[in-house]
Amino acid sequence: MDNITIQQAQTSREARELFIKAHFPFIIYTVSSVTGRYVVVENDESFSVALEAFNGAIDTYSEGVSKFETYATTVIKNKLIDFYRQQKKHYGHEPLEETIPAPERDDDLRIEIADLSSKLSKFGLSFDDLVEVSPTHQDTREKAITVGIKASKIEWIVKRMHEILKLPVVEVVKAGETTRRFVYSHKDYILTVILVFSEDLTRMQQFVLDSIKGDSHEHQKR
Amino acid sequence: MNIKNVKVMEVKSDYAVVLSSEGTFIRIVLKPGISVGDHIYITEADVYKAEELSISKHTLFSKRAFFSKRTAFTFARMALVSSVVLVFMLFKALSPVAYAVLSVDINPSFQMVVDAAYNVLDVEGKNDEARQLLTEVEWKKGQSATAVLQRILEEVSDNGYIHDGDNHILVAAALIDSKKKDIEPVNQMVESILDQLDYQSFTEGKLIISAISSDHTAIEQSLSQVISIGTYELEKRIAPVEPYIEVNHGQAKKLMPHPIKPNKQNQPEEEVETSPSTADGTDTEETTEVTTSKPEKPSKAPATEEKTNNGNGVPHPSNNNGNNSNNSNNGNNGNGGNGSNGKPNVKPTEPPVETDVSTEMTDATKTTESTVDVSTEASTETVTTNENKGPSDNANENATNKDLNKDKVKP
């Protein structure tokens with residue numbers, strides 16, 4: 001995908017789609033640096049504008065002037081500025097930041113996150129703590145999630161976990177059919193997974209499950 | 001450039017925590033409009049680097065940085081490190097100092113370093129057997145020397161080095177401080193350690209424990225020669241040492257009131273230096289010990305002789321010349337390995353050269369008397385000793401006497 005050249009993208013429709021997909025990170029990075037905001041995954045108008053500008057840049061780019069990325073950055077930047085100007089005209093004299101339409105908030109997810117956060121705090125954990133304990137290796141992470149999901153299905157383990165306010169390692173080892181060492185080294189992460197899957201946190205559950213599926217898809221591709 | 005789609009879980013004052021689609025929690029830098037629950041794209045450039053922000057964006061003493069959790073952690077770490085260093089320094093200052101070296105030669109040869117409270121600082125095996133046995137002995141730094149020795153002896157016994165027959169153990173001790181010449185503290189230490197041993201726990205047979213004092217030189221020598229100080233002393237000494245404790249069926253019986261008899265260690269160093277016997281490397285201290293121990297010999301000789309000939313391989317000097325051929329049970333000689341596998345030879349076995357030697361030594365002693373202020377009693381004892389000595393002991397003495405004779409001729 002990365003090997004598709006700008007010339008191919010200019011001539012073939014399929015190649016262009018692949019070329020644009022391959023440059024998604026580039027487009028997102030450019031938008032984020034121009035707007036100073038994070039690009040929202042769904043319904044981000046700035047991103048749509050940038051995508052359109054990038055597509056136009058493929059058409060208008062001629063070799064020899066500069067690198068394509070440099071050219072595309074300029075095009076995207078100009079298009080976004082035009083877009084903001086239009087927005088400003090449309091909304092009168094309101095400040096720039098407010099003219100950018102706020103992305104739609106997922107209230108259900110926000111409630112679930114708040115719920116999970118309060119439950120974690122009972123166990124003396126916070127999302128901040130989880131940064132340090134998140135397994136870095138993909139296989140390890142998947143395994144920890146799988147162990148957590150398995151353990152969350154067993155009621156008495158969940159009950160015991162809430163009683164002792166920590167992960168019942170021995171029980172989880174049996175439920176997850178894994179080693180004590182593994183469970184012990186990832187106890188906080190597994191505990192979080194159990195919390196997510198033992199509570200009614202469907203949006204969170206879906207996100208975590210997608211992460212495993214996404215990873216496994218990538219594995220298959222490899 | 002990689003992008004991740006993430007969900008914002010928590011927004012803090014300095015950064016936000018997000019859960020990535022891969023299932024990892026990541027800290028990202030704050031940007032306007034970010035809110036919990038947002039599903040956003042992040043790039044590698046957005047990952048929050050604590051050091052960058054806390055140092056470049058906030059000054060160290062700005063209120064925000066000072067009270068931020070990460071900075072507090074940094075301070076906590078610094079405090080922890082400094083306190084650990086402080087504790088370490090205090091510990092080092094208060095930690096026990098090596099006071100003496102104690103060696104135990106059974107045939108496995110052990111050597112331990114103890115502090116002034118007779119607690120063990122280090123134990124090492126001086127030969128292969130000892131090193132092998134030590135792997136089985138559990139001991140901790142700071143344990144009492146008696147406890148460690150007890151454990152060692154039990155292990156030694158379990159491995160058959162102490163049997164139901166007669167067993168000889170040589171204990172040697174030396175103070176590390178070379179300035180301390182007094183034998184009393186050494187005696188006290190050895191006595192204290194040996195008296196508390198529970199002998200029944202490791203032997204049903206006969207056990208003869210002899211003790212000798214040594215000095216700083218022996219420690220250095222034993223280190224360089226990889227032998228125990230006891231072995232070193234024995235190799236150096238001409239005559240054997242008297243036993244201190246005899247254990248029969250676990251019952252300890254003291255043969256002497258104190259493990260080590262006072263010898264010339266008590267005497268000023270100058271005497272040792274000026275003594276003619278020093279000239280050929282024979283220590284005055286040793287001669288004295290021999291002489292002082294001899295007068296008691298007639299009463300204890302039979303017992304000692306019996307002990308001597310049991311063949312337990314207790315390191316003993318000057319017996320490598322075939323004197324042991326008279327002894328019937330030398331079975332354990334093969335266990336040696338520390339360089340001194342001879343037997344204690346308290347009583348002389350062959351007297352042929354006796355007269356010459358004694359005569360020469362008498363002269364020599366006279367010479368000693370004239371040159372150094374050695375007491376008359378001591379010199380008389382020396383004569384007696386020489387009469388009792390076997391040829392095995394004469395190698396060094398002959399050399400000594402040659403020197404002495406030279407001195408004698410001069411006037």
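Worth saying up front: this structure is predicted, and the values here are computed from it rather than measured. (Residues numbered from 1 in each chain as written. Chains lettered and ligands numbered in written order. Predicted model: local features only at pLDDT ≥ 70, side-chain atom pairs only at ≥ 80, totals over all residues.)

(A) Quick look at the overall build of chain B. Tallying secondary structure elements over chain B gives 14 helices and 11 strands in all. Taking all 411 residues of chain B together, the buried fraction comes to 41%. Partitioning the contacts of chain B with sequence separation of at least 6, the portion at a separation of at least 24 is 65%. (Helix = DSSP H or I, 4+ residues; strand = E, 2+ residues; numbered from the N terminus. Buried ≥ 20, exposed ≤ 12 C-beta atoms within 10 Å, placed from the backbone. Contact = placed C-beta atoms within 7 Å.)

(B) Here's a closer look at the overall build of chain A. Secondary structure summary: chain A contains 14 helices and 1 strand in total. Taken over 222 residues, chain A has a buried fraction of 32%. Here the contacts in chain A between residues at least 6 apart in sequence split such that 57% fall between residues at least 24 apart.

(C) Summary view of the interface of chain A and chain B. Between chain A and chain B, the residue contacts involve 35 residues of the former and 30 residues of the latter. Elements with a minimum of two residues in the side of chain A that touches chain B: helix 3 (24–35), strand 1 (39–40), helix 7 (107–122), helix 8 (127–133), helix 9 (138–152) and helix 14 (202–221) of chain A. With 6 residues, the top contributor of residues to the side of chain A that touches chain B is helix 14 of chain A. Broken down by class, the residue content of the side of chain A that touches chain B amounts to 19 nonpolar, 6 polar and 10 charged. (Nonpolar A, V, L, I, M, F, W, Y, C, P; charged D, E, K, R; others polar.)

(D) Here's a closer look at helix 11 (residues 169–176) of chain A. All names here are of chain A. All of the buried residues along helix 11 are V172, A175 and G176. For helix 11, the arc enclosing every buried residue in end-on projection is 85 degrees, short of the 170-degree limit, so these residues lie on one face. For helix 11, the elements touching its buried residues are helix 9, helix 10 (155–164), helix 12 (180–185) and helix 13 (187–198). E177, located one to two residues past helix 11, shows a positive phi value of around 50 degrees. (Arc of directions from axis to C-beta.)

(E) The sheet that holds strand 2 (residues 15–20) of chain B, seen in detail. With antiparallel pairing, the 5 strands of this open sheet are ordered in space as 1(A)-4(B)-1(B)-2(B)-3(B). The open sheet terminates on both sides in strands that have one partner only, identified here as strand 1 of chain A together with strand 3 (25–29) of chain B. (Pairing = 2+ DSSP bridges.)

(F) Region of interest: the nonpolar core. Core analysis: the biggest nonpolar cluster contains 61 residues, and I190(A), V193(A) and V18(B) have the highest contact counts within it. Here this core takes 8 residues from helix 13 of chain A, the largest share from any one element. Apart from residues no more than four positions distant in its own chain, I190(A) is found in contact with A144(A), V147(A), G148(A), L167(A), V172(A) and V183(A). Ranked by size, the runner-up nonpolar core spans 51 residues in total, among them I169(B), A174(B), I212(B) and A218(B). (Core = buried A, V, L, I, M, F, W, Y, C linked by C-beta atoms within 7 Å.)

(G) The arrangement of the sheet that holds strand 7 (residues 120–125) of chain B in detail. Residues and elements named next belong to chain B. Ordered by their spatial adjacency, 7 strands build an open sheet running 7-6-5-8-9-10-11, and the pairing between neighbours is mixed. Edge positions in the sheet fall to strand 7 and strand 11 (251–254), since each has one partner strand and no second. Each neighbouring strand pair of the sheet contributes to a mean axis angle of 20 degrees, computed without reference to strand direction. Here strand 8 (residues 166–175) runs beside strand 9 (residues 206–213); their pairing, made up of 8 bridges, is parallel. Paired with A172 across the bridge in strand 9 is I212. Contacts from helix 6 (residues 184–195) reach strand 5 (98–105), strand 8, strand 9 and strand 10 (243–248) within the one sheet, and its direction differs from that of strand 8 by about 140 degrees. Most of the contacts of helix 8 (residues 229–236) go to strand 8, to which it runs at about 95 degrees, and overall it touches strand 5, strand 6 (109–115), strand 8 and strand 9. (Axes fitted to C-alpha atoms, helices over the stretch in contact; angles between N-to-C directions.)

(H) Examining the packing of helix 3 of chain A against helix 4 (residues 45–60) of chain A more closely. Residues and elements named next belong to chain A. Interhelical geometry of helix 3 versus helix 4 gives an angle of 125 degrees and a closest axis separation of 10 Å. Taken together, helix 3 and helix 4 sit at an angle that is classed as oblique. For the element pair helix 3 and helix 4, the recorded crossing hand is right-handed. Here I27, I28, T30, V31 and T35 of helix 3 lie close against helix 4, whose contacting residues are S46, F47, A50, L51 and F54. (Parallel < 35°, antiparallel > 145°, perpendicular 65-115°, else oblique. Left-handed = near helix turned anticlockwise from the far one by under 90°.)

(I) Molecular detail of the packing of helix 7 of chain A against helix 13 of chain A. Residues and elements named next belong to chain A. Across the interface, helix 7 lies against helix 13 with an axial gap of 11 Å and an inter-helix angle of 130 degrees. When the axis of helix 7 is compared with that of helix 13, the two are oblique. For the pair helix 7 and helix 13, the crossing hand works out as right-handed. Counted together, L116, K119 and L120 of helix 7 and T192, L195 and V196 of helix 13 form the full contact between these two elements.

(J) Representation of the pairing of strand 4 (residues 39–43) of chain B in the model. Counting buried positions along strand 4 of chain B yields 4 of 5 residues, so the element is predominantly enclosed. One ladder, built from 2 bridges, connects strand 1 of chain A with strand 4 of chain B; its direction is antiparallel. Looking at the pairing, V39(A) lines up with Y41(B) of strand 4 of chain B. Note: strand 1 (residues 3–11) of chain B against strand 4 of chain B, 5 bridges, orientation antiparallel. Bridged to N5(B) within strand 4 of chain B is Y41(B).

(K) Spatial organisation of the pairing of strand 10 of chain B. All names here are of chain B. Looking at chain direction, strand 9 and strand 10 are connected through 5 bridges and run antiparallel. Bridged to I209 within strand 10 is I245. Two elements, strand 10 and strand 11, share 4 bridges in a ladder whose sense is antiparallel. Directly across from I245, in strand 11, lies its bridge partner K254. Remark: 2 residues form the turn of the hairpin made by strand 10 and strand 11, two consecutive strands paired antiparallel; H249 in that turn has positive phi of roughly 50 degrees.

(L) Highlighting the environment of Y161(B). All names here are of chain B. Here Y161 is to be found in the loop between helix 5 (145–158) and strand 8. Once the C-alpha coordinates of Y161 and P108 are considered, the two residues, 53 residues apart in sequence, prove to be 7.8 Å apart. Residues within four places of Y161 in sequence aside, it is in contact with I106, N107, P108 and V156.

(M) Here's a closer look at the environment of L102(B). Examined against the element boundaries, L102(B) turns out to sit in strand 5. When residues no more than four places from it in sequence are discounted, the contact partners of L102(B) are M112(B), V114(B), A145(B), V171(B) and A173(B).

(N) Molecular detail of the confidence of the model for chain A. Residues and elements named next belong to chain A. Of all residues in chain A, 87% attain a pLDDT of 70 or more, and the chain-wide mean is 83. Mean pLDDT across the elements of chain A ranges from a minimum in helix 6 (residues 96–99), with 50, to a maximum in helix 13, with 92. Contacts for the low-pLDDT stretch residues 216–222, under 50 throughout, to residues beyond four places or in other chains number 0 contacts. (pLDDT = per-residue confidence, 0-100.)

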